[in-house]
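# Commentary on secondary and tertiary structure
Single-letter residue listing:
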Amino acid sequence: MSSSTENDAKLATSSIRAQRFHKTLGRLDIVFLSIGAVISIDTVAQIAAGGGAEAFTWTAVIGITFLFPYALVISELGSTFHDEGGPFVWVRLAFGKLTGAIATLFYWITNPLWMGGSLVFISAATWGAYIAPLPEGSAGDIVFKLAFIWLAIGTAIIGLRYGKHIVAAGAVVKIVLLLVFVVTVVVYALRNGVHGYAAGAFSPTLAGFLAVTPVILFAVVGFEAPNGAAEEMRNPQKDVPKAITSSGIISILCYLIPIFAILAVLPADKVQGASGLLDAFKEVFSVYGIATGPVMFIAALLFVFVVLTQASAWMIASDRVQAAAGADGAFFRYFGVFSKRFGTPVRMNLLSGIVATVFCIAATLLLKGSTAAVFTVVLTVAISTLLLSYLVIFPSIIRLRRTYPDVERPFRVPGGTAGLWTAVIVIYAWVLLGSWVAVFPGTLESVFGLEYDFVDTWGVDRPTFEGFTLGTLVVITILALAGYFWQRARDRRVDPGPELLLEPVRD
């Protein structure tokens, strides 16, 4: 690779980001950050409940046909183009700043809304059910939710030198908690017998496939998240592919084994939705007799800690991606500043905290009565924007192979051009399907003649659903365009210079 080619690739996105980052992420740190992002412990029971016994089958299928080629694609992108901001840099280099602006905002907005509209509610419900009373809507409930949000934001603000240890602890506890659950399930089965689904119920069907695919896809994405902090990695060229391999194997096992344990052993009526993992814990932990209460107390505390660090991992990653867009002029430059004290995009972190807080308060007020169904629709589509962003992120690898052919690639998707195209087409088809089902649910069921009660599923009719769904997507797109064009107009009037965009980090 010629030095000029490498410099061209970097200057296209980095000339205004003259930032010296602390090299704090080793290979194991990247593994833990990936596990923190990819394994969504809150979705394990949700997958099982949404797809029944078929959920295990479809999780295995998606693990092989999506997770594997997805890992290959991100391994090449992350080890080759390792500027801070990861996904923004890839899309920016491949398709230009405007496309990067839209894709990046869709990527980022998912996470504060997910934290403020889902994770914090699951954690509060767990706390209230197993640790201490926490009536919904009470002062204690509000304080808990706000503390959760700002602890997650605080972990993102303090810098990776410290925050990475909190995320690593969460990743380890997550794996240990799932391992203890699975072992206890075995003990439960030996004592009480198997009461779950029969073996034949695991056979895949089209209806089960359409029901559970978006949830599984949303649960297993996140390999690119550590590349949001790419310039804080010690050796991304070597560490990214190996870290993705390790975290990928661990992640798929941490989904498949607990899901199988839940479905094969627990009675069908014990398999609940998003907050049902703790209910499953309670059922199987009954084998501990008089110690069940204390064990559940500890498990609930650990569950809340894991969900908190899960939120932190995504805040650490996605805020850097959006901050890179800001620093490059694809969003308001004000949010592209990295703190000289912490080395983190504090302004972007605070914006995420504010968005999550507003959404949390709105959810607390609106998730009841006649507005509950509508707000659930908005929340569902808002967190589905992560899948939509991959419709632009994934094809960037093909474009970059053509436009930057001489850039050294420490890792390449195997199989040459044919292997690359195959991997991208397969994962693109999965994400396209997941996105369509999330935005237009019930349409494919209608095409294939499957029964789908829209009002019973969503609580609103289709015109209302699509109005709020498409309206939410339009609002997000307008926000992305507003940031891009406002900053573009301002840059034409004033050239701020790199020193006004990013403050240097002190050693």
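Definitions and cut-offs
- Residue indices follow the written sequence of each chain, beginning from 1 at its first position.
- In keeping with the predicted nature of the model, local features appear solely for residues at pLDDT of at least 70, side-chain atom pairs appear and are counted solely at 80 or more, and the whole-chain, interface and lining totals rest on all residues.
- Calculated side-chain values reflect all of the structure's heavy atoms, with hydrogen atoms and water omitted.
- Nonpolar cores were defined as sets of buried Ala, Val, Leu, Ile, Met, Phe, Trp, Tyr and Cys residues, with membership established by side-chain atoms within 4.5 Å.
- Only protein chains enter the accessibility calculation, which uses a 1.4 Å probe; a residue whose area is less than 20% of its type maximum is buried, one above 50% is exposed, and one in between is partly exposed.
- Secondary structure elements are defined from DSSP: runs of H or I of at least 4 residues count as helices, runs of E of at least 2 residues count as strands, and each element is numbered from the N terminus.
- By definition, residues are in contact when any of their heavy atoms lie within 4.5 Å.
- Between N-to-C directions, angles cover 0 to 180 degrees, with each direction set by a line fitted to C-alpha atoms, over the stretch in contact for helices.
- Working rule for angles: under 35 degrees goes down as roughly parallel, over 145 as roughly antiparallel, 65 to 115 as roughly perpendicular, anything else as oblique.
- Crossings are sorted by hand: turned counterclockwise from the far helix by less than a right angle, the near helix makes the crossing left-handed, and turned clockwise it makes it right-handed.
- Charged residues are taken to be Asp, Glu, Lys and Arg, nonpolar residues to be Ala, Val, Leu, Ile, Met, Phe, Trp, Tyr, Cys and Pro, and polar residues to be all remaining types, Gly included.
- What a helix is expected to span follows from its residue count: subtract one and scale by 1.5 Å.
- Fitting axes to the seven residues ending at a residue and to the seven starting there, one defines the bend at that residue as the angle between these axes.
- One side-chain nitrogen of Lys or Arg within 4 Å of one carboxyl oxygen of Asp or Glu is enough to make a salt bridge.

### Remarks on the nonpolar core
One finds Phe66, Tyr70, Met115, Leu277, Phe281, Tyr390 and Phe394 to be the most contacted residues of the largest nonpolar core, which totals 159 residues. At 17 residues, helix H12 (residues 292–327) tops the list of elements feeding residues into this core. Discounting residues that sit within four places of it in the chain, Met115 has contacts with Val120, Phe148, Ile149, Ala152, Ile153, Ala311, Met315 and Ala356. In this structure, Val377, Phe454, Val460 and Phe465 belong to the second largest nonpolar core, which totals five residues.

### Considerations on the packing of helix H6 (residues 97–130) against helix H15 (residues 385–393)
Working note: a packed helix pair is described by the angle between its axes plus the distance between those axes. Following both chains from N to C, one finds H6 and H15 inclined at 150 degrees, their axes separated by 7 Å at the closest point. Classified by the interaxial angle, the pair formed by H6 and H15 is roughly antiparallel. Where H6 crosses over H15, the handedness of that crossing is left-handed. When H6 is examined against H15, the residues Thr99, Ala103, Phe106, Tyr107, Ile109 and Thr110 are found in contact with a partner set consisting of Thr385, Leu386, Leu388, Ser389, Tyr390, Val392 and Ile393. A class-by-class count of the residues in the contact of H6 with H15 yields nine nonpolar, four polar and no charged.

### Overview of helix H4 (residues 54–80)
A rise of 1.5 Å per residue sets the reference length of H4, with its 27 residues, at 39 Å; its end C-alpha atoms lie 38 Å apart and thus fit the reference within 8%. The axis of H4 is deflected most strongly, by about 35 degrees, at Gly63. Along H4, 21 of the 27 residues are buried, which leaves the element largely enclosed by surrounding structure.

### Concerning the pattern of salt bridges
Taken as a whole and assessed by the stated rule, the structure comprises 10 salt bridges. Here Asp141 ties to Lys145 by a salt bridge, and the two come within 2.9 Å at their closest N and O atoms. Placement of both Asp141 and Lys145 in helix H7 (residues 139–157) is noted, with a separation of four residues, approximately one turn of the helix. Both residues of the pair, Asp141 and Lys145, count as buried. In this structure, the salt-bridge partner of Arg333 is Asp491, at a minimum N-O distance of 2.4 Å.

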